[in-house]
Amino acid sequence: MITPSELKNILPISKVIKDFVLKSRKIIKNIISGKDSRLLVICGPCSIHEISSAIDYGIRLRLLSKKLNNKLYIIMRVYLEKSRTINGWKGLINDPYINQSFDIESGLFIARNLLLTLLKLKLPIATEILSINNYQYINDLISWGAIGARTVESQIHREIVSGMSIPVGFKNNTDGDIIKAINAIKASRLKHSFININQHGKITVINTNGNYNSHIVLRGGKIPNYYDNSIHFCKQQMINFGLPTKLLVDCSHGNASNNYLNQLKVARSVITQINNNNRDIIGIMLESNINSGNQKLTLPKYLKYGVSITDPCINWNTTCKILFEIYKNLSFKTIN
């Protein structure tokens, strides 16, 4: 396998892109701390499987973000790996050609090249940190990371996050329990020492200082948890654990009762709560694509353009409707 440093030498980050990524990370940290009052919006496909439509989506999202930038700080959701409870497609890095060839090295090249293309559009990137080794190949290109509902209890993920320089959101687990995510945040803020590979592919001991920009993402479970009483309960638990009460709401998954069309309903509720002075809600996440719904997994030549092959997504027109409605109705989030 090619090492992370070798891939980065072949597909290097320019100074312009590096400065942009560092600036975007700082903006997100300022949103978390309250220094920047804009709403963080993480928006994009459930997963990326088609490079052309991902770039198409990115161009659209960048143009939209420029219109809404004084109230919304929009980041593209670019998920390159998918966690699987049993089986299924594991994402662009692991199976880039969607044919079970599992050409992971090609997947890493494709993924890094895509991220560089999107960053040239001046579009910050969010992704899920699933494989701790895969992340080493793209870590310089990411502005916000997520630990998913299925890995939130993983010790190694908590340790890895403790050494990251990006803000990271821990999702509550699939049944809706928030305590495990809160424990993960607590653990990620501590110093850790553990074995991992470095940029040169060598096994080494990693020593970390803790990540003070980790926070919780409410994604629902057996029942939604975006309502006012659920958010109040979450904030109280964070206080009990001695943690900041900042949180982000995933408008999809359990909060949408597994109906992707309910994302508008969730977003409206969140904006109402923010306007009622709940300023601990720092952002939302939307699962969005060019075209709506999802499609059955098959060979690429048979796939419809811009339609998810994992979770169903709202289409581009609905995405614009939601974001413009948020922009119009959000009463206090603004920046000069």
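Just so it is clear, the model here is predicted, and its values are computed rather than measured.

Comments concerning the packing of helix α8 (residues 263-275) against helix α9 (residues 316-329)
Right, so step 1: Between α8 and α9, the shortest axis-to-axis distance is 10 Å and the interhelical angle comes to 15°. As judged from the angle between their axes, α8 and α9 are roughly parallel. The chirality of how α8 crosses α9 is right-handed. On the side of α8, the interface is formed by Gln263, Leu264, Ala267, Arg268, Ile271 and Asn275, while α9 contributes Lys321, Ile322, Glu325, Ile326 and Asn329.

What about the packing of helix α3 (residues 51-68) against helix α4 (residues 104-120)?
Right, so step 1: The geometry of α3 relative to α4 is characterised by a closest axis approach of 10 Å and an angle of 20° between their N-to-C directions. Between α3 and α4, the angle is such that the two are roughly parallel. For the pair α3 and α4, the sense of crossing is right-handed. Between α3, through Ile51, Ala54, Ile55 and Gly58, and α4, the contact on the second element is made entirely by Ile110, Leu114, Thr117 and Leu118.

Digging into the layout of surface pockets
Right, so step 1: There is about 460 Å³ of room inside the largest pocket.
Right, so step 2: Residues that form the lining of the largest pocket fall into these classes: seven nonpolar, nine polar and nine charged.
Right, so step 3: Approximately 340 Å³ is the volume attributed to the second largest pocket.
Right, so step 4: Around the second largest pocket, the lining comprises 19 residues; the ones closest to its centre are Tyr135, Gln136, Asn139, Gly163 and Met164.
Right, so step 5: Contributions of two or more residues to the lining of the second largest pocket are made by β6 (193-197) and β7 (203-207).
Right, so step 6: The dominant element in the lining of the second largest pocket, judged by the number of residues it contributes, is β6, at three residues.
Right, so step 7: In terms of residue class, the lining of the second largest pocket is built from eight nonpolar, nine polar and two charged.

Description of the packing of aromatic side chains
Right, so step 1: Applying the stated criterion across every chain, the model contains two aromatic pairs.
Right, so step 2: Between Tyr57 and Trp316, the ring centres sit 5.3 Å apart and the planes meet at 85°, which makes this aromatic pair edge-to-face. Note that Tyr57 is positioned in helix α3 and Trp316 in helix α9, a separation of 259 residues in sequence. The same class applies to Tyr57 and to Trp316, which are both buried.
Right, so step 3: Measuring from ring centre to ring centre gives 4.3 Å for Tyr226 and Tyr227, while their planes differ by 35°; the resulting arrangement is tilted.
Right, so step 4: Taking relative accessible area as the criterion, Tyr226 reaches 2% and is therefore assigned buried.
Right, so step 5: Over the face of the ring belonging to Tyr327 we find Lys71, whose NZ or CZ atom lies 5.2 Å from the ring centre.
Right, so step 6: In this arrangement the basic side chain of Arg77 is found over the ring face of Tyr79, its NZ or CZ atom lying 3.7 Å from the centre.

The rules behind these values
Residues numbered from 1 in each chain as written. Predicted model: local features only at pLDDT ≥ 70, side-chain atom pairs only at ≥ 80, totals over all residues. Heavy atoms only, no water. Axes fitted to C-alpha atoms, helices over the stretch in contact; angles between N-to-C directions. Helix = DSSP H or I, 4+ residues; strand = E, 2+ residues; numbered from the N terminus. Parallel < 35°, antiparallel > 145°, perpendicular 65-115°, else oblique. Left-handed = near helix turned anticlockwise from the far one by under 90°. Contact = heavy atoms within 4.5 Å. 1 Å grid on protein atoms, 1.4 Å probe; cavity = no way out; pocket = protein on both sides within 12 Å on 5 of 7 lines; lining within 4 Å. Points joined across faces, edges and corners; volume = space filled by probe spheres on them. Nonpolar A, V, L, I, M, F, W, Y, C, P; charged D, E, K, R; others polar. Phe/Tyr/Trp six-rings, centres within 6.5 Å; stacked < 30°, edge-to-face > 60°. Buried < 20%, exposed > 50% of the residue type's maximum accessible area, 1.4 Å probe, protein only. Lys NZ or Arg CZ within 6 Å of the ring centre and 35° of its normal.

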